[in-house]
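# Inside the fold
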Amino acid sequence: MPEVTAPYQPGTPCWIDLAAPDQQAAIDFYSQVFGWTGEIGPPDTGGYAVCELNGKPVAGIMAAVPMGGQPAPPTVWTTYLAAADADATAQAVRGAEGTVLLPVMDVMTLGRMCIAADPTGAVFGIWQPGDFPGAGIVNEHGALIWNELNTTDPSAAAAFYKAALGIESAPMEGADNYYSLQVKDRPVGGMQPMSEQMPADTPSHWLAYFSVADTDATVAKVTAAGGAALQQPFDMIAGRMAVVTDPQGATFAVINPKPMDQG
């Protein structure tokens, strides 16, 4: 179902957010490209903007500023994985040779979160829902449709996510050297080794994909709004996709998906 009607199963990508040096410029860019609405939030939330699509929360955008003695976060989209218990999951991350970068904290009554890295260096968030379950709309034009782990060591990553978050991995049929990440036998994301097309110093990372009705037209919007195409639109097994960056350097993918049997 395109609409999210139930809590996310633990291990499922449930939210994404962006840290941007110029928060308002980022809100304006994604509003122009995807039709989101959003505004800088109140001071008690650190100005965090919950952007909406069709009246439902679709993604967060915050200012990239130093917090808690830590340097400002990088300008990247962060994928959050749902957890029933953020503290227990953080402990499982450590036990599976991952690293907790930002300790578990309450986000008012919305939920509990932390930021972690897997053993190959890919950074992700953990979200234990309270009043806020996560994205209220997915799989529609302008909304999140896929989260993909690009890693220097798929075997080590697969073992980590299974141990820490219960995420299984299996080769994806018809896609060479690509793996499906699954929660309770349901695909929730993908994993692949780092592409040779990426710069040699590119770290392991999670890549967010947004669904679009027309990939080429969206890339044209991205470039017109000051972004750039890292990979021009191309056809692949799941549809027509492209990899782009926004004007501040955050990378994301867009895809016009092929119709799939929902079963």
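For the structure, see preceding data.
Now for a description of the structure that goes with this document. (Residues numbered from 1 in each chain as written. Predicted model: local features only at pLDDT ≥ 70, side-chain atom pairs only at ≥ 80, totals over all residues. Heavy atoms only, no water.)

### Brief notes about the overall build of the protein chain
Check the secondary structure of the protein chain and you find 4 helices and 15 strands. For the protein chain, whose C-alpha radius of gyration is 17 Å, the value lies close to the compact-globule estimate of 18 Å for 263 residues. Counting only C-alpha atoms, the protein chain reaches 45 × 45 × 40 Å along its principal axes. A burial count over the protein chain gives 45% of its 263 residues as buried. A separation of at least 24 residues holds for 59% of the contacts in the protein chain among residues at least 6 apart in sequence. (Helix = DSSP H or I, 4+ residues; strand = E, 2+ residues; numbered from the N terminus. Rg over C-alpha atoms; globule rule 2.2 N^0.38 Å. Buried < 20%, exposed > 50% of the residue type's maximum accessible area, 1.4 Å probe, protein only. Contact = heavy atoms within 4.5 Å.)

### Quick notes on the sheet that holds strand S13 (residues 228-236)
Taken in spatial order, the 8 strands line up as S9-S10-S11-S8-S12-S15-S14-S13 in an open sheet, and their pairing is mixed. Looking at the sheet topology across the chains shown, the edges are occupied by strand S9 (168-171) and S13. Each strand axis lies, on average, 30° off the axis of its neighbour in the sheet, ignoring direction. One ladder, built from 4 bridges, connects S9 with strand S10 (residues 179-183); its direction is antiparallel. Within S10, the position partnered with alanine 170 by the bridge is serine 180. (Pairing = 2+ DSSP bridges. Axes fitted to C-alpha atoms, helices over the stretch in contact; angles between N-to-C directions.)

### Observations regarding the side chain of glutamate 148
Relative to the helices and strands, glutamate 148 is located in strand S8 (residues 144-151). Despite its burial, glutamate 148 pairs with no opposite charge, the nearest such side chain being lysine 258 at 15 Å. Here asparagine 150 takes part through its side chain, which lies 3.2 Å from a polar atom of the side chain of glutamate 148. Separated by 2.9 Å, the side chains of glutamate 148 and tyrosine 209 make a polar contact. (Lys, Arg positive; Asp, Glu negative; His and termini not counted. Salt bridge = Lys/Arg side-chain N within 4 Å of Asp/Glu carboxyl O. Polar contact = N/O pair within 3.5 Å; in protein donor to acceptor, adjacent residues only side chain to side chain.)

### Things to note about unusual backbone geometry
Unusually for a residue other than glycine, asparagine 54 sits at a positive phi of about 55°. Within the fold, asparagine 54 resides in the loop between strand S2 (49-53) and strand S3 (56-63). Phi is positive for asparagine 177, close to 60°, though the residue is something other than glycine.

### Here's the deal with the packing of helix H2 (residues 86-95) against helix H3 (residues 154-165)
Running from N to C, H2 and H3 cross one another at 145°; their axes reach a closest spacing of 8 Å. Considering the relative orientation of H2 and H3, their crossing is right-handed. Seen from H2, the contacting residues are Thr89, Ala92 and Val93; seen from H3, they are Phe160, Ala163, Ala164 and Leu165. Looking at side-chain class alone, the contact of H2 with H3 contains 6 nonpolar, 1 polar and no charged residues. (Left-handed = near helix turned anticlockwise from the far one by under 90°. Nonpolar A, V, L, I, M, F, W, Y, C, P; charged D, E, K, R; others polar.)

### Quick word on the pairing of strand S15 (residues 251-257)
Pairing of strand S12 (residues 205-211) with S15, which is carried by 3 bridges, proceeds in the parallel orientation. Paired with serine 211 across the strands is isoleucine 255, a residue of S15. Where strand S14 (residues 239-245) meets S15, 7 bridges bridge the pair, whose relative direction is antiparallel. When the sheet's bridge partners are listed, valine 243 is paired in S15 with alanine 253. Between S14 and S15, which pair antiparallel one after the other, the connecting turn spans 5 residues, and glycine 249 there sits at a positive phi close to 100°.

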